[in-house]
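# Structural description and commentary
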Amino acid sequence: MQPNQGLGLITDDPRINLPPSELTRIQTALRYYRNDFKDVKFYNTLNQLKHRKPYTLSVTKSASRQLASIIANEGFNISVQSTNPDGKDNSQSKDIDDYLQQVFDRSNFYQNYEENLEVGIATGGFAIRPFIQNNVVKLAWIRADQFVPLDSNSNEVNSAAIVSKSSVSANGTTTYYSLIEFHEYDPDSRVEMISNELYQSNFPDSVGTRVSLSTLEAYSGLSDSVQLTNISRPTFAYFKSPGKNNIVVDSPLGIGLVDNNLSLVDAINVANDQFVREVKLGKRRIAVGAELIKPTVNQQPQYGELPNQGYPSFAEDDDVFMQLASTRDDKSMLQDLTNDIRVDQYSKTLQMYIHQFENAVGLSQGTLSVNDSNSSGTKTATEVVSDNSRTYRTRSSYLTMVEKQLRGLITTIVELSSIGELFDNGTSPLNYDLAANPLDINIHFEDGVFVDKDAQAKSDMLAVQAGIMPKIEFLRRNYGLSEEDAQRWLSEVQGEAPEDDFTPPNQRQMLGDDGA
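This report concerns the structure included in the present document. (Residues numbered from 1 in each chain as written. Predicted model: local features only at pLDDT ≥ 70, side-chain atom pairs only at ≥ 80, totals over all residues. Heavy atoms only, no water.)

### Some words on the overall build of the chain
As a reminder of what qualifies: Secondary structure elements follow DSSP: runs of H or I no shorter than four residues count as helices, runs of E no shorter than two count as strands, and numbering proceeds from the N terminus. Each residue is assigned to one of three classes by its accessible area relative to the maximum for its type, calculated with a 1.4 Å probe on protein chains only: buried under 20%, partly exposed between the two thresholds, exposed over 50%. Between two residues, a contact is recorded if the distance between any of their heavy atoms is within 4.5 Å. Working definition of accessibility: Shrake-Rupley area with a 1.4 Å probe, residue cover restricted to the visible protein chains.
When helices and strands are counted, the chain shows eleven helices and 17 strands. Relative to its 516 residues, the chain shows a buried fraction of 41%. Taking contacts inside the chain between residues at least 6 apart in sequence as the whole, the part at least 24 apart equals 64%. About 28800 Å² of surface is accessible on the chain, with carbon and sulfur atoms providing 48% of the total.

This is the structure:
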């Protein structure tokens, strides 16, 4: 440890070759995702400088949420199956799949994945790091602003720094701490070196000076460094948004959903802010002479009479009538000051900007905006599929990167769970050689929003009857089963088949042997 080593930004560390502008870009994307914008400054009628919160729309959040929900929805599930080199099922297959589901259940994986994917889409990426704690595998979710690649000239992120921040307040002073995990993986030697470094600062935006891990009790049990050998990949799984980073071309980081569309989001917010202000300030107002509101004589009520009897009376919360000094002899002067609200103009402007935003981020029109193409509000499944075609193509690009991350995650979980040195008793829960027996990882995504499932099932059934689609593939496509579960279904159906088969001849071979 070098106790005098100080860092302003994490990119000041010589091991990191990433421009600081990438960190600034991610912070900006996070701010737009949080819908966190500066106050609007304006001069009121009395020429006084005022500040107010803008009336904004959370379009970054909404668009990211839409994509995350159609990727990791309720039909999203993962299963694994292992095979021997001869292609036959491995006897450990069910044990590994059960173990993986236990890890997922313990980590509330499916809900957490959808939520972190949403933020990852908005900011350009996120990572998952499995680790061993109390003899069980747990998952750490790492946002884009916590993940810093060490190399900036590679499309694959094999080495990275992961930053965890905390603060301690005492005697009115707050001290800020940054735990930095350096993961340096060498694919040639299949070795990863993990170094833990703790930094202390008096300022929240500064990394500060390196101190001992024992400075904070939470990190006192951490080792300064750990070396993992004979692993096929780094111990983190990184999701990168699809497409090239056109802001910093050499950066291995993905770009956020709105990084190229900040001005368009600003335009949406300006239009919405002005519209809300016009509605707020466009309330009905009627100017009346002072004589009609304020009595000239204070009438003392007699027993059983109301005060000021015979004069106009208004509710205490009435703000429609405005008292103005009378400038003429007509004491009954009334003037309606209400202006019409430009609903149609603002609505069309706002919808135009949102349409442009949908096109820019790859969403079908009507996803966030009001789509008037079908005024009846009733659409067939085919029309829904057609309307969502642009979103479907965008989703397909994201699925490629999601699958890559998930396959890496499962591989790392199995490899870490097979290293006995990481567990207190020296016995690992798994003893599996991935090199000798590769895993068949089945990731199922629900396509119901984009695919007419009834039409697909009928088409696939005809393909099975024609002998050009395996029965197992039919079950996998239409029921989301793994190959192992599909085979089990077929075996059970065949075992339950009656001796006398009354199934029509053209359907006998759907789920079992017809004995021919």
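Back to the write-up after that little detour.
### A short note on the nonpolar core
Stated formally: Only buried residues count toward a nonpolar core. Its members are Ala, Val, Leu, Ile, Met, Phe, Trp, Tyr and Cys residues joined through side-chain atoms within 4.5 Å.
In this structure, Ile78, Phe109 and Tyr113 are the most contacted members of the largest nonpolar core, which totals 55 residues. Broken down by element, this core gets its largest block of residues, nine residues, from helix α8 (residues 389-416). Apart from the residues lying within four places of it in its own chain, the contact partners of phenylalanine 109 are Phe76, Ile78, Phe104, Ile128, Leu139, Trp141, Leu406 and Leu409.

### So, helix α5 (residues 262-281)
The following threshold applies: Expected span of a helix: the number of residues minus one, times 1.5 Å.
Compared with an ideal rise of 1.5 Å per residue, which puts 20 residues at 28 Å, α5 spans 28 Å between its outermost C-alpha atoms and is within 8% of the ideal. Listed in full, the buried residues belonging to α5 are Leu264, Val265, Ile268, Asn269, Ala271, Asn272, Asp273, Phe275, Arg277 and Glu278. Buried residues along α5 sit in contact with α1 (20-33), β2 (40-43), β3 (49-52), α2 (59-71) and α6 (343-361).

### What to know about the packing of α5 against α6
Convention followed: Lines fitted to C-alpha atoms define the axes here, with helix axes fitted over just the stretch in contact, and angles between the N-to-C directions of these axes take values from 0 to 180 degrees. When an angle is under 35 degrees it counts as roughly parallel; over 145 it counts as roughly antiparallel; between 65 and 115 it counts as roughly perpendicular; any other value is oblique. In this scheme, a crossing is called left-handed if the near helix is turned counterclockwise away from the far one by less than a right angle; it is called right-handed if the turn is clockwise. For this classification, the nonpolar set comprises Ala, Val, Leu, Ile, Met, Phe, Trp, Tyr, Cys and Pro, the charged set comprises Asp, Glu, Lys and Arg, and every other residue, Gly included, is treated as polar.
One can describe the packing of α5 onto α6 by two numbers: an axis separation of 9 Å at closest approach and a directional angle of 160°. By the angle class used here, α5 and α6 are roughly antiparallel. Of the two elements, α5 crosses α6, and the hand of that crossing is left-handed. Taking contact as the criterion, the partners of Leu264, Val265, Ala267, Ile268, Ala271, Asn272, Gln274, Phe275 and Glu278 in α5 are, on α6, Val343, Tyr346, Thr349, Leu350, Tyr353, Ile354, Gln356, Phe357 and Ala360. When the residues that make up the contact of α5 with α6 are grouped by side-chain class, the tally is 13 nonpolar, four polar and one charged.

### Thoughts on the packing of helix α10 (residues 471-479) against helix α11 (residues 483-496)
As a packed pair, α10 and α11 sit with axes 9 Å apart at the nearest point and diverge in direction by 115°. The handedness of the crossing between α10 and α11 is right-handed. Where α10 abuts α11, its residues Lys471, Ile472, Leu475, Arg476 and Tyr479 lie against Glu483, Ala486, Gln487, Trp489 and Leu490. A breakdown of the residues in the contact of α10 with α11 according to their chemical character gives six nonpolar, one polar and three charged.

### Focus: the environment of serine 79
Along the polypeptide, serine 79 turns up in strand β4 (residues 77-82). Separated by 331 residues in the primary sequence, serine 79 and isoleucine 410 place their C-alpha atoms 9.7 Å from one another.

### Observations concerning the sheet that holds strand β6 (residues 136-142)
Quick reminder of the rule: Paired strands, as defined in this entry, are two strands with at least two bridges between them according to DSSP.
On the basis of which strands lie adjacent, the open sheet formed by three strands has the order β6-β5-β13 and antiparallel pairing. Of all strands in the sheet, those with a lone pairing partner are β6 and β13 (237-240), marking the two edges. In this sheet, neighbouring strand axes are inclined to one another by 20° on average, regardless of whether the strands run parallel or antiparallel. Where strand β5 (residues 125-133) lies against β6, seven bridges are found, and the strand directions are antiparallel. Residue pairing for β6: arginine 129 is matched across the bridge by alanine 140. Across the sheet, helix α4 (residues 109-123) lies against β5, β6 and β13, angled at about 145° from β5, the strand it touches most.

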